[in-house]
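Examining the three-dimensional arrangement
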Amino acid sequence: MATFTVPGLSAEQGAKAAEILQGRLAAYNDLHLTLKHVHWNVIGPNFISVHEMIDPQVELVRGFADEVAERIAALGGSPKGTVKSITDPIDYPLGIGGALDHLKALDKVYTTVVEGNRRAIADLEFDLPSQDIFIGATAELEKFQWFIRAHLEYQA
C-alpha cells in the first residue's frame, strides 16, 4: 500500500481508486494500440476517411492514458503502462481488412471500453476527481463510437 494518497481519502480508498484506475489505464493503452493497428491496416473504398478519422482518436486515448496514470501516481500508486500490464486484452480479429470490417470490430471494442468506464464511474463514487476523469473520457469515447456507427449506418 502507498505511504500517501490525496487529501480527503484514506490510504485504503486511495489504493482502491488506484486499482480501478489501473484497469482503465490498461484498457486505454490497449485501445490506442488497437486504433493504431486499424490505422495501419485499413484498406478499401473508405480507406482515407477511416485512416484519417482514427489518428485523432489515437491521440486522445493516449492522453486519457496519461491522465489516468498521473492520477494513479497522485493517489500514491505506481501506474503500470507496459504491454504486460494489459491483463485482459481486446480481442481484435482483423489484420489487413476493409474499412467496414474494421469499423464493425471497432464498434464492439468501443462498447467494451465504454462499459468498463461506466463501471469505473459507479465504483469511484468515493473519489469524485477520479470519477470525473472517466466521465469526460466516456463522453469522448461515445462520440468516437458515434462516428464509427455513422459510417456503418450509411452502408446498411
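When you go through the chain residue by residue, the secondary structure sums to 4 helices and 2 strands. Seen in sequence order, the chain has helices and strands lined up from the N terminus as α-β-α-β-α-α. Taken over C-alpha atoms, the radius of gyration comes to 17 Å for the chain, in line with the 15 Å a tight globule of 156 residues would show. On the principal axes, the C-alpha backbone points of the chain span a range of 55 × 25 × 20 Å.

Now for helix α2 (residues 47–74). Under the 1.5 Å per step criterion, the end-to-end length of α2 is 41 Å for 28 residues, consistent within 8% with the ideal 40 Å. Looking one or two residues past α2, glycine 76 carries a phi angle of roughly 95°, positive in sign.

The next thing to look at is the nonpolar core. By size, the foremost hydrophobic cluster in this structure holds 42 residues, and its most contacted members are Tyr28 and Leu141. For this core, the elements supplying multiple residues, two or more each, are α1 (11–41), α2, α3 (99–123) and α4 (128–155). With residues up to four places along the chain from it excluded, the contact list for leucine 141 reads Tyr28, Leu31, Val61, Phe64, Tyr110, Val113, Val114 and Asn117.

What counts and how
- Residues numbered from 1 in each chain as written.
- Predicted model: local features only at pLDDT ≥ 70, side-chain atom pairs only at ≥ 80, totals over all residues.
- Heavy atoms only, no water.
- Helix = DSSP H or I, 4+ residues; strand = E, 2+ residues; numbered from the N terminus.
- Rg over C-alpha atoms; globule rule 2.2 N^0.38 Å.
- Expected span 1.5 Å × (residues − 1).
- Core = buried A, V, L, I, M, F, W, Y, C linked by side-chain atoms within 4.5 Å.
- Buried < 20%, exposed > 50% of the residue type's maximum accessible area, 1.4 Å probe, protein only.
- Contact = heavy atoms within 4.5 Å.

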